[in-house]
Amino acid sequence: MTVVSAALFGVDWRSASTGSAELLRECAARGWTVVLTGPGPGGAPALTVAAPGSDPLRAALELVGGTPSHAVAVAGSVREVLAARRVGVPCVAVAAGAEAGPELWAAGAVEVHRDVDALMRVLDDSLLARPRAFGPVGAGTGGP
């Protein structure tokens, strides 16, 4: 099972989002294989894929033998939500950067949370609750 975490929460997501390493550790503890498409926070259990000139989500899935039906992308921008949609991976969005919730919903995110802390508070009701036991769509906080 795979959680694909695309360079998520802004240009330098380590400083842009407190709690991101905890989110990745919690996803791993719940049985997800965590794949980052960009550099991640120190100490978080994750594989990292860099796929210059290709679709990083598709490359991440290939890296672990994952399929879109067994993956969830976590994104922080409209561009990343659209990339997940192109691959057929449902997307949990965090509106912690310049992108606002309505834009992330419009791009196709199935959940939108105002920040990582908000996502962590509802994790048990999120698509990230555990692999293949997805919670109700729209469990996000800070929706339209």
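Refer to the structure presented above.
All of these numbers come straight from a predicted model, not from anything done at the bench.

Q: Any chance you could break down the nonpolar core for me, citing the residues and the numbers?
A: One finds L23, C27, V72, V92, L119 and L128 to be the most contacted residues of the largest nonpolar core, which totals 18 residues. Secondary structure elements with two or more residues in this core: helix 2 (20-29), strand 2 (33-36), strand 4 (71-75), strand 5 (91-94) and helix 6 (116-121). Not counting residues within four places of it along the chain, the set of residues in contact with L119 comprises L23, V92, V94, E111, H113, S126 and L128. Among the nonpolar cores identified, the runner-up in size contains 17 residues, and A83, C91, L104 and A109 belong to it.

Q: Break down the environment of G76 for me, citing the residues and quoting the values.
A: Locating G76 in the fold gives a position in the loop between strand 4 and helix 4 (78-87). In this structure the C-alpha to C-alpha distance between G76 and G101, which are 25 residues apart in sequence, comes to 9.9 Å.

Q: Go over the pattern of salt bridges, please, and point to the residues and values.
A: Two side chains bearing opposite charge may form a pair once their charged atoms approach each other closely. What the rule picks out here adds up to 3 salt bridges. Between E22 and R25 there is a salt bridge, with the nearest N and O atoms lying 3.7 Å from each other. With E22 and R25 both in helix 2 and 3 residues apart, this pair spans about one turn of that helix. Given a relative accessible area of 40%, E22 falls into the partly exposed group. When the shortest N-O distance is used, the salt bridge between R30 and D124 registers 2.9 Å. Of this pair, R30 sits in the loop between helix 2 and strand 2 while D124 is found in the segment after helix 6, placing the two residues 94 residues apart along the sequence. Assessed through its relative accessible area of 57%, D124 is described here as exposed. Taken together, the salt bridges that share partners define one network made up of E26, R30 and D124.

Reading the values: the criteria
- Residues numbered from 1 in each chain as written.
- Predicted model: local features only at pLDDT ≥ 70, side-chain atom pairs only at ≥ 80, totals over all residues.
- Heavy atoms only, no water.
- Core = buried A, V, L, I, M, F, W, Y, C linked by side-chain atoms within 4.5 Å.
- Buried < 20%, exposed > 50% of the residue type's maximum accessible area, 1.4 Å probe, protein only.
- Helix = DSSP H or I, 4+ residues; strand = E, 2+ residues; numbered from the N terminus.
- Contact = heavy atoms within 4.5 Å.
- Salt bridge = Lys/Arg side-chain N within 4 Å of Asp/Glu carboxyl O.

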